[in-house]
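The lines below spell out each chain.
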Amino acid sequence: MTYKETINWLFNQLPVFQNIGASAYKKDLTNTLLLVEHLNHPERNFKTIHVAGTNGKGSTSSMIASVFMEAGYKVGLYTSPHLKDFRERITINGKMISKNYVHEFVTNHKSFFENTELSFFEMTVGLAFEYFSDKKVDIAIIEVGMGGRLDSTNIITPLLSVITNIGKDHTQFLGNTLEKIAFEKAGIIKPNIPVVIGEYTLETKPVFLEIAKQNHSEIHFAQDKKHPDYPCGLLGDYQLKNKKTVIETFRNLKSDFIISEENIKNGILNVVQNTNLQGRWQVLQENPKVICDTAHNAHGLEIVMNQLKKEKNNQLHIVLGVVNDKDLDSILPLFPKNAIYYFCKPKIERGLSAKILQEKAATYNLKGNIYNSISIAYKKALANSDVKDLIYIGGSTFVVAEII
């Protein structure tokens, strides 16, 4: 197979959550354990930090990686989903895994993958672990895909676990209450391994405390601590809480790594140039100003919409698309009624029909036209805007991915 055929096989041969949703979800770690045994346990050959949470785990993981990079270490970073290129998921010091490595890994293990009926996510986790082991990283920051307890990444024993926050997302898998979701996320807490919680609520704190107690794990709540508000390369208001989580992580990292306060400060500041993270309150142009953001659930969108209100503009234009398992009644009330909407569908199977989105949005007095693609919607928004207008693009990671 060529590299392109290899990637197509990964995406098409087996279920992929980001494309088809529920049928890609596995109920246990059996396949992942079979995979790492087949690979001779590469995950045991490097140190890790494990990051879970409803929102902010990508930003938090990237900032933690950036701090280690500023301190001179060789740092693996595993995140998901990607925006433009599959290889964004697996990087070392900001450089994507090579096409050749991906191709050879899949070619060498394809018969095992097929016989074991591994999911896309399971194979990708195996690829990341093998790569980080082969390249002898000093540490790898491993972001959970979804949940925690049953996530394919949850076979590692990290130096420290991090849970950013709990909000309602993927409720069909993780439960429909904050307590149930917190229980799933807290599944990454390991015996005698400290855990940092970024944000908690009255519902989630007791869950975290109980599971930490069962595991004899030190637990630290970042939101209760006073930490410096260092400038950040990521501009979203929500980064304030992520920064506190990152600083609290390094305050409680018991290891041989030497990390100075200057490394922490510079890591937070230089996160974008160090890790190439995109799509977080990213300003694409000025006059008219265009902002895109990957926030896609009520917990994240509430903060983003409040930040949007602070932006001065003559007219707000919103290019909006979502996936079909999104709870529209929880997110649409957060959007401003004084904007012109451009409803569109992301180019994935799970994309929600723009017509359905338009009809549902109308019940919340959000009005606009339907467009056949995100790029057409964006071009129309640009054509309709003058220099003092503002265009916001969002609703889904996959909407942002088609624009940047």
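Each chain carries its own residue numbering, running from 1 in the direction its sequence is written. The predicted origin of the model limits local features to residues at a pLDDT of at least 70 and limits the giving and counting of side-chain atom pairs to 80 or more, whereas totals for whole chains, interfaces and linings rest on all residues. Computation of side-chain values: all heavy atoms of the structure, hydrogens and water removed.

**Regarding the environment of L240**
Along the chain, L240 turns up in helix α10 (residues 239-251). The class of L240 is partly exposed, set by a relative accessible area of 45%. Residues L240 and D224, 16 residues apart in the sequence, show an inter-C-alpha distance of 13 Å. Helix numbering and strand numbering both begin at the N terminus, where a helix is a DSSP run of H or I of at least 4 residues and a strand a DSSP run of E of at least 2. For each residue, the accessible area found with a 1.4 Å probe, counting protein chains only, is set against the maximum for its type, and the residue is called buried under 20%, exposed over 50%, and partly exposed in between.

**A closer look at helix α13 (residues 298-309)**
Given the number of residues in a helix, its expected span is that number minus one, multiplied by 1.5 Å. The first and last C-alpha atoms of α13 sit 16 Å apart over twelve residues, in line with the 16 Å expected at 1.5 Å per residue. Turning to α13, its buried residues are G300, L301, V304, M305, Q307 and L308. For α13, the angular spread of the buried residues around the axis is 155°, confining them to a single face. Should any heavy atoms of two residues lie within 4.5 Å, those residues are considered in contact. Here the buried face of α13 lies against β11 (316-320), α14 (328-331) and β14 (390-394). Here the arc refers to the directions that run from the helix axis out to each C-beta atom.

**Some thoughts on the side chain of T32**
In this structure, T32 sits in helix α3 (residues 30-38). Not counting the four nearest positions on each side in its chain, T32 is found in contact with E122, S152 and I155.

**A short note on the state of the cysteines**
Linking two cysteines covalently via their sulfur atoms produces the bond known as a disulfide. By disulfide we mean two sulfur atoms from cysteines, separated by a distance within 2.5 Å. What the rule picks out here adds up to zero disulfides. You can see C232 has no disulfide; the closest cysteine sulfur is in C292, sitting 16 Å from it. Since its relative accessible area comes to 14%, C232 is described here as buried. Distance from the sulfur of C292, which forms no disulfide, to the nearest cysteine sulfur (C344) is 13 Å. Overall, C292 belongs to the buried group, its relative accessible area being 0%.

**Notes on the UniProt feature "domain: Mur ligase C-terminal" (unreviewed entry) in the protein chain**
UniProt positions are given in the numbering used here, feature names are shortened, and annotations may be inferred rather than shown by experiment. Per the UniProt record, "domain: Mur ligase C-terminal" (unreviewed entry) is found at residues 279-396. Along residues 279-396 the backbone is 31% helical and 21% strand, and the end-to-end C-alpha distance reaches 10 Å.

**Points about the packing of α3 against helix α5 (residues 99-116)**
The axes of two packed helices give the description: the angle between them and the distance between them. Lines fitted to the C-alpha atoms define the axes, with helices restricted to the stretch that makes contact. Angles between their N-to-C directions range from 0 to 180 degrees. Interaxial distance between α3 and α5 falls to 11 Å at its minimum, and their mutual angle equals 155°. Classified by the angle between their axes, α3 and α5 sit roughly antiparallel to one another. By crossing handedness, the relation of α3 to α5 is classed as right-handed. Contact with α3, carried on its side by N31, L34, L35 and H38, involves H109, F112, F113 and T116 of α5 and no other residues of that element. Grouping the amino acids of the contact of α3 with α5 by side-chain chemistry returns four nonpolar, four polar and no charged. Under this scheme an angle from 65 to 115 degrees is roughly perpendicular, one under 35 degrees roughly parallel, and one over 145 degrees roughly antiparallel; angles in between are oblique. Left-handed describes a crossing whose near helix is turned anticlockwise from the far helix through less than a right angle; right-handed describes the clockwise counterpart. Lys, Arg, Asp and Glu make up the charged group, whereas Ala, Val, Leu, Ile, Met, Phe, Trp, Tyr, Cys and Pro make up the nonpolar group; the residues left over, Gly among them, are polar.

**Looking at the sheet that holds strand β2 (residues 75-78)**
Two strands in a sheet stick together by hydrogen bonds in their backbones, pointing the same way (parallel) or opposite ways (antiparallel). Any two strands between which DSSP finds at least two bridges are classified as paired. The eight strands are arranged β4-β3-β2-β5-β1-β6-β7-β8 in an open sheet whose pairing can be described as mixed. Because the sheet does not close on itself, it has two edges, and the strands there are β4 (95-96) and β8 (219-221). In this structure, strand β6 (residues 160-163) lies alongside strand β7 (residues 195-197), joined through three bridges in parallel fashion. Residue S161 lies in a different strand from β7, and its bridge partner there is V195. In this fold helix α4 (residues 57-70) packs onto β1 (47-52), β2, β5 (139-143) and β6, with an angle of close to 175° to the strand it touches most, β5. Relative to strand β3 (residues 90-92), helix α6 (residues 120-134) is tilted by about 15°, and along the sheet it contacts β2, β3, β4 and β5.

**Section: the packing of aromatic side chains**
Between 30 and 60 degrees the pair is tilted, below 30 it is stacked and above 60 it is edge-to-face, where a pair is any two Phe, Tyr or Trp rings, Trp via its six-membered ring, whose centres lie within 6.5 Å. This structure, assessed with the given rule, holds 18 aromatic pairs. Considering the side-chain rings of Y78 and F121, the 6.2 Å spacing of their centres and the 65° angle between planes classify their relative orientation as edge-to-face. Here F121 lies in helix α6 and Y78 lies in strand β2, a separation of 43 residues in the sequence. Residue classification places Y78 among the buried residues on the basis of a relative accessible area of 1%. Here the aromatic residues F46, Y101, F129, Y131 and F132 are joined through ring pairs into a cluster of three or more. A ring has a charge above it when a Lys NZ or an Arg CZ is no more than 6 Å from the ring centre and no more than 35 degrees off the ring normal. Over the face of the ring belonging to Y200 we find K205, whose NZ or CZ atom lies 4.5 Å from the ring centre.

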